[in-house]
Amino acid sequence: MTITVTGVSKAFGGVTAVDDVTFTLKENRVYGLLGRNGAGKTTLMQLLTGQLFRTAGDISVFGADPVENEAVLTRMCFIKESQRYPDQFQVRHVLASAAMLYPNWDADFAAALLADFALPTNRRVKKLSRGMLSALGVIVGLAARAPVTLFDEPYLGLDAVARQLFYDRLLADVAEHPRTVVLSTHLIDEVADLLEHVIVMDRGRIVLDREADALRGEAALLTGPSGVVDELTADLDVLHLERLGAIARVTVRGVLDRDTRDDAAARGVTVEPATLQQLFVRLTTQSAAGPQRAPQKEATR
Amino acid sequence: MNRALQVVRIQTFTAQNGLTWPWVILATAFVINVALFSVIGDDIPGGPKTGALASIYLTAAAVGAVLVHQHLPFMLGFGVTRRTFFTATTVLTAAWSLGSGVVLYLLALIERATDGWGIRMSFFDLPFLARDNPPLQIIEYAVTLLALVFCGFTLGAIILRFGATGFWIFTVAAIVALGAAAILITWQRWWGALIGFFADQPTAVLLTVWPVAIAAVAAAGSWLIIRRVTP
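Only a predicted model underlies this, so the values are computations on that prediction, with no experimental measurement involved.

Engineer: I would appreciate a short explanation of the overall build of chain A in the present structure.
Structural biologist: Check the secondary structure of chain A and you find eleven helices and 14 strands. By residue count, 41% of the 301 residues in chain A fall in the buried class. Partitioning the intrachain contacts of chain A with sequence separation of at least 6 by distance along the chain shows that 68% fall at a separation of at least 24.

The structure is reproduced here in structure tokens:
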């Protein structure tokens, strides 16, 4: 295991941002860390990189505690939205700093990425647009080639083309230089194909920790006449229910057995696997809406 | 390259990172003083004596504050430990203080050779310094600079960790503590003894041992704050 997290909590005053979290990250895999705003994703990544001090629990990265640990921290790169830079620094100063501080830094790759994102090197970081600032983070995170690389919503202000560029470069470079990547994002559909493993956080806790392949059968979507759908899903773990006139659309957890699927098809109900984004939305709105067995009934025109 | 030295190198990337400003301000003060005393003319007995050298000492405090406030959050985000940052910044500011001490001494020599820049002005080569002992004079310049750099370092660390409110609370607390001490000393009639205590010490001790003690206390205090700082 590259990273082992055991019973970790972080409290700020009375607020528990990360609440008794336990998980492991394996070597050379791409992880998605998903969660709503305030779910504790950024706090968790700051704990992993020793930037925050945990309130409880144990974190082991490459077999050691990352806090104030030079040997561990030189092998990690954490790109966060709130990164601060000295006022006088230009883009080239940031790149020169990264070249010194990350042992695996690839200057040629950085130069290629600079051209890809059309980032001017002699511009002050303070004067960069939101998108350019994100591009700078993406370039540092990719060219650092750190064995553990964490991206915390690295795409703010980047347009769809630039985001696709980031995903493409990440995928290609990870294939060539394998490393553990943690990608925290809201744009789930965009990265779904990139992720090998998904961890979903909600209110400081981990509510899902699963291989991406296994997730494809994690939830199903049944759409059809209300009465039939209700009957079919009566004994299932209903995550979400929507009604549109006489039509119901229900998200259920788990895989439907063959008989149920055949039965559904015969009675005019379509069954399809839920996308990662649909599953995520159902899992994380649930806790806000109430207990699992009482799904909210929302009337949709 | 050693990681602390890499951090030093990064801190010196931009000339405006604070290290040059004390010299810019000192140079400005020097030019103004030369102009001023040239206008006044040569009618001051013993030649004009100016305290404008203090300008470099006050801005040295800003150097420490700026370094920690600007660079520490940046470095933490790039995987530098608080310990390495503290070591690097100590090395950098100590080297800067010593280098500045040497330059101030060389300027003092020029001042001596030119009879006070042609206007008998005492600007660098102040009479209370150890003028007959070059290494000691350099150390007197340097350790006082270092003490102020570390005081600024502590203030920068306070602002970074506790915010502006923390800084003001610290300031109020410091004023209360000093005020209470003054009240106690007055009440106990200790002023004479206190002044005597310092007056009895050789000037060289006042200008070396005490700045080193202040620097050590400020360094320890700033480390205690920095070791738990978060970006």
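Resuming the write-up.
Engineer: Quick question: what am I supposed to make of the UniProt feature "transmembrane region" (unreviewed entry) in chain B here?
Structural biologist: Residues and elements named next belong to chain B. Sites flagged by UniProt as "transmembrane region" (unreviewed entry) map to residues 21-40, 52-72, 84-108, 138-160, 167-187 and 207-226. Segment residues 21-40 splits into 100% helix and 0% strand. End C-alpha atoms: 29 Å apart. Between the C-alpha atoms that bound residues 138-160 there is a distance of 33 Å. The span itself is 100% helix and 0% strand.

Engineer: Just checking my understanding: could you explain the packing of helix H3 (residues 54-77) of chain B against helix H6 (residues 134-187) of chain B for this structure?
Structural biologist: When two helices pack together, their arrangement is given by the angle between the helix axes and by the axis-to-axis distance. All names here are of chain B. Running from amino to carboxyl end, H3 crosses H6 at an angle of 40°, the nearest separation of the two axes being 6 Å. Overall, the two elements H3 and H6 adopt an arrangement that is oblique. For the crossing formed where H3 meets H6, the hand is right-handed. Of the residues belonging to the contact of H3 with H6, the class tally is 21 nonpolar, five polar and no charged.

Engineer: How should the domain arrangement of chain A be read in this particular structure?
Structural biologist: It is common to report an interface's size as the accessible area lost on association of the parts. All names here are of chain A. Examined at the domain level, chain A breaks down into domain 1 (3-214) and domain 2 (217-289). Once you take the C-alpha centre of each, domain 1 and domain 2 turn out to be 34 Å apart. Contact residues are listed per partner, giving 14 residues for domain 1 and nine residues for domain 2. Broken down by secondary-structure element, the contributors of at least two residues to the side of domain 1 that touches domain 2 are strand S3 (30-35), helix H7 (188-191), strand S8 (197-202) and strand S9 (205-211).

Engineer: How do you make sense of the interface of chain B and chain A when you look at a structure like this?
Structural biologist: Facing 24 residues of chain B, the contacting portion of chain A comprises 24 residues. Residue assignment for the side of chain B that touches chain A shows that the elements contributing at least two residues are helix H1 (3-11), H3 and helix H4 (82-113) of chain B. Of the residues forming the side of chain B that touches chain A, the biggest block, six residues, is contributed by H3 of chain B. Counted by class, the side of chain B that touches chain A contains eight nonpolar, eleven polar and five charged residues.

Engineer: What am I meant to see in the sheet that holds strand S7 (residues 180-185) of chain A here?
Structural biologist: Backbone hydrogen bonds hold the strands of a sheet together, and the pairing may be parallel or antiparallel. Residue and element names in this part refer to chain A. The sheet built from six strands is open, its strands ordered S5-S6-S7-S3-S8-S9 with mixed pairing. Either end of the sheet is taken by a strand with one partner, and the two such strands are strand S5 (76-79) and S9. On average, adjacent strands in this sheet sit at an angle of 15° to one another, irrespective of strand direction. Sitting on the sheet, helix H1 (residues 41-48) touches S3, S5, strand S6 (148-152), S7 and S8, and the angle it makes with S6 is about 155°.

Engineer: Explanation requested: the pairing of strand S12 (residues 247-253) of chain A in the structure shown.
Structural biologist: Put simply, side chains in a regular strand alternate between the two faces of the sheet. Residues and elements named next belong to chain A. Relative to S12, strand S10 (residues 219-225) is paired through seven bridges, and the arrangement is antiparallel. Across the sheet, residue Pro225 finds its bridge partner in S12, namely Ile247. With antiparallel pairing between neighbouring strands as the criterion, strand S11 (residues 238-244) and S12 make up a hairpin whose turn holds two residues, including Gly245 at a positive phi of roughly 60°.

Engineer: Would you mind showing me how to read the UniProt feature "domain: ABC transporter" (unreviewed entry) in chain A here?
Structural biologist: Within the UniProt annotation, "domain: ABC transporter" (unreviewed entry) is assigned to residues 3-228 of chain A. Taken end to end, residues 3-228 of chain A comprises 34% helix and 30% strand; its first and last C-alpha atoms sit 47 Å apart.

Engineer: What's the story with unusual backbone geometry in this structure? I'm lost.
Structural biologist: Residues and elements named next belong to chain A. At Arg145, a position not held by glycine, the phi torsion is positive, near 45°. Along the polypeptide, Arg145 turns up in the loop between helix H5 (130-143) and S6. Unlike most non-glycine residues, Glu153 shows phi in positive territory, near 45°. With respect to the helices and strands, the residue Glu153 is situated in the loop between S6 and helix H6 (160-176). By C-beta crowding, Glu153 is classed as partly exposed, having 19 other C-beta atoms within 10 Å.

Engineer: In this structure, what is going on with the sheet that holds strand S1 (residues 3-12) of chain A? I would like to understand it.
Structural biologist: All names here are of chain A. Strand order in the open sheet formed by three strands is S2-S1-S4, and the pairing between neighbours is antiparallel. In this open sheet, the two edge strands, each paired with only one partner strand, are strand S2 (15-25) and strand S4 (56-61). Sheet twist, expressed as the average angle between the axes of neighbouring strands with direction ignored, equals 20°. Where H1 meets the sheet, its contacts fall on S1, S2 and S4, and the angle it forms with S2 comes to roughly 60°.

Engineer: Which parts of the structure should I look at to understand H5 of chain A?
Structural biologist: Think of an α-helix as turning once every 3.6 residues; residues three or four places apart then point the same way. Residues and elements named next belong to chain A. In this model, H5 (14 residues) spans 20 Å end to end at C-alpha, consistent with the 20 Å of a helix rising 1.5 Å per residue. Most of H5 is tucked away, with twelve of its 14 residues classed as buried. Burial in H5 covers these residues: Met132, Leu133, Ser134, Ala135, Leu136, Gly137, Val138, Ile139, Val140, Gly141, Leu142 and Ala143. Just downstream of H5, Arg145 is the residue with a positive phi angle, here 45°.

Engineer: What is the right way to read the pairing of S3 of chain A from this model?
Structural biologist: Residue and element names in this part refer to chain A. Counting buried positions along S3 gives six out of six residues, so the element sits mostly inside the fold. Relative to S7, S3 runs parallel, the two sharing five bridges. Directly across from Gly32, in S7, lies its bridge partner Leu183. Alignment of S3 against S8, held across five bridges, turns out to be parallel. Counted as the bridge partner of Gly32 is Val198 from S8.

Engineer: In this structure, what is going on with H6 of chain B? I would like to understand it.
Structural biologist: Taking 1.5 Å of rise per residue, the 54 residues of H6 of chain B would be expected to cover 80 Å, yet its terminal C-alpha atoms sit only 43 Å apart, more than 12% below that figure. Within H6 of chain B, the axis deviates most sharply at Phe162 of chain B, by approximately 125°.

Engineer: Sorry if this is basic, but what is going on with the confidence of the model for chain A here?
Structural biologist: Interpretation of the predicted coordinates at a detailed level should be avoided for regions scoring low in pLDDT. Residue-level pLDDT values for chain A average 90, and 95% of them are 70 or greater. Here residues 288-301 of chain A is a poorly scored stretch, pLDDT under 50, and it has 15 contacts once near neighbours within four places are set aside; other chains count.

Engineer: What exactly am I supposed to notice about the environment of Glu111 of chain B here?
Structural biologist: Residue and element names in this part refer to chain B. With respect to the helices and strands, Glu111 occurs in helix H4. Distance from Glu111 to Asp125, taken between C-alpha atoms, is 6.8 Å for residues 14 residues apart in sequence. Those residues in contact with Glu111, other than ones at most four positions away along the chain, are Gly116, Trp117, Phe123, Phe124 and Asp125.

Engineer: In this structure, what is going on with the environment of Gly245 of chain A? I would like to understand it.
Structural biologist: All names here are of chain A. Here Gly245 shows up in the loop between S11 and S12. You can call Gly245 exposed: it has 8 C-beta atoms within 10 Å. Along the sequence, Gly245 and Pro225 sit 20 residues apart, while their C-alpha atoms lie 9.2 Å from each other.

Calculation notes
- Residues take numbers from 1 onward in each chain, read along the sequence in its written order.
- Chain A is the first chain written and ligand 1 is the first ligand written, with later ones labelled in order.
- Only residues with pLDDT of at least 70 get local features here, since the model is predicted, and only at 80 or more are side-chain atom pairs given and counted; chain-wide, interface and lining totals rely on the full set of residues.
- Elements are defined by DSSP. Helices are runs of H or I of four residues or more, strands are runs of E of two residues or more, and each kind is numbered from the N terminus.
- Backbone-placed C-beta atoms define the burial measure: a residue is buried with 20 or more other C-beta atoms within 10 Å of its own, exposed with 12 or fewer, and partly exposed in between.
- Throughout, a pair of residues is in contact if the C-beta atoms placed from their backbones lie within 7 Å.
- UniProt positions are given in the numbering used here, feature names are shortened, and annotations may be inferred rather than shown by experiment.
- Lines fitted to the C-alpha atoms define the axes, with helices restricted to the stretch that makes contact. Angles between their N-to-C directions range from 0 to 180 degrees.
- What sets the label is the angle itself: under 35 degrees gives roughly parallel, over 145 gives roughly antiparallel, 65 to 115 gives roughly perpendicular, and the rest give oblique.
- With the far helix as reference, a near helix turned anticlockwise by less than a right angle produces a left-handed crossing, and one turned clockwise produces a right-handed crossing.
- Gly is put with the polar residues, along with every residue not named as nonpolar or charged; the nonpolar set is Ala, Val, Leu, Ile, Met, Phe, Trp, Tyr, Cys and Pro, and the charged set is Asp, Glu, Lys and Arg.
- Annotation comment: domain bounds sourced from an automatic or database domain assignment.
- A pair of strands is labelled paired if DSSP reports no fewer than 2 bridges between them.
- What a helix is expected to span follows from its residue count: subtract one and scale by 1.5 Å.
- To get the bend at any residue, fit one axis to the seven residues that end at it and another to the seven that begin at it, then take the angle between the two axes.
- What pLDDT expresses is the predictor's confidence in each residue, scored from 0 to 100.

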